[in-house]
Amino acid sequence: MSEVSPQISPTLPTGPAVLDELDRAIIARLHENARIPNIDLARAVGVSPSTCLARVRSLRERGVIVRYTAEINPIALGFTLQALVSVRIRPGARHLMEQISDELRREPEVAQLFFLGGTEDFLIHVRVRDSEHVRQFVLKNLSANPAVALTETNLVFEHHTALSAGLRAVI
């Protein structure tokens, strides 16, 4: 497992995967460290390396493991501020939502983009250098767009990435 492709093309599951205790233990360890060598992973979950490798392959094939990523520290890249920008699209411009979404996803500041059901249409997680950078992002990409009815920007004081409680209960 020392060299793993970053993108995996799994079979799309038709429902929840059936996982046993070994699958759950493997998922938990990989969530902590996706670069763990197979021999160390096998030792950690108490099985042979060949069994472990077969199980990881099965989890990928079943669409449980979708991809492996590296978590990058945005501050190390000069992005010292994060913000959440909610966006409401004008009712007459709803046909442009896919185009707007595509354009936003291409912006380097966008860490995550959520398409919502509710009062707001999008929630954009941006990583920027400073408050002026977030201001320029909103002005250039949102306020200048006639399809955008409203934006609201919230600064992020702390951001924690964690396995959700629901997933923790499964693994």
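Cut-offs applied
Residues numbered from 1 in each chain as written. Predicted model: local features only at pLDDT ≥ 70, side-chain atom pairs only at ≥ 80, totals over all residues. Heavy atoms only, no water. Buried < 20%, exposed > 50% of the residue type's maximum accessible area, 1.4 Å probe, protein only. Helix = DSSP H or I, 4+ residues; strand = E, 2+ residues; numbered from the N terminus. Pairing = 2+ DSSP bridges. Core = buried A, V, L, I, M, F, W, Y, C linked by side-chain atoms within 4.5 Å. Contact = heavy atoms within 4.5 Å. Expected span 1.5 Å × (residues − 1). Arc of directions from axis to C-beta.

Novice: Tell me what's going on with the pairing of strand β3 (residues 122-128), and back it up with residues and numbers.
Specialist: Counting buried residues along β3, 5 of its 7 residues qualify, which places the element largely inside the surrounding structure. Summarising the sheet, strand β1 (residues 81-89) and β3 pair through 7 bridges and their orientation is antiparallel. Looking across to β3, one finds that Ser86 is bridged to Leu123. Bridge count between strand β2 (residues 110-115) and β3: 5 bridges; the pairing is antiparallel. Paired with Val110 across the bridge in β3 is Val126.

Novice: Go over the nonpolar core, please, and point to the residues and values.
Specialist: In terms of nonpolar packing, the biggest core is built from 20 residues, with Val87, Ile89, Ile124, Val126, Phe137 and Leu142 touching the most fellow members. Mapped onto this core, the elements with two or more residues apiece are β1, α4 (97-105), β3 and α5 (131-143). Looking at this core, the element that brings in the most residues is β1, giving 5 residues. Once residues lying within four places of it in the same chain are set aside, the contact partners of Ile89 are Arg94, Met97, Ile100, Asp121, Phe122, Ala147, Val148 and Ala149.

Novice: Can you tell me about helix α3 (residues 49-61), naming the residues and giving the values?
Specialist: Between its first and last C-alpha atoms α3 spans 18 Å; for 13 residues at 1.5 Å apiece the expected length is 18 Å, and the two agree. Among the residues of α3, Cys52, Val56 and Leu59 are the ones counted as buried. Projected down its long axis, α3 carries its buried residues within an arc of 60°, all on one side. Residues Ser50 and Glu61 are exposed on α3 and point more than 90 degrees away from its buried face.

All quantities given are derived from atomic positions and should not be read as evidence of function.
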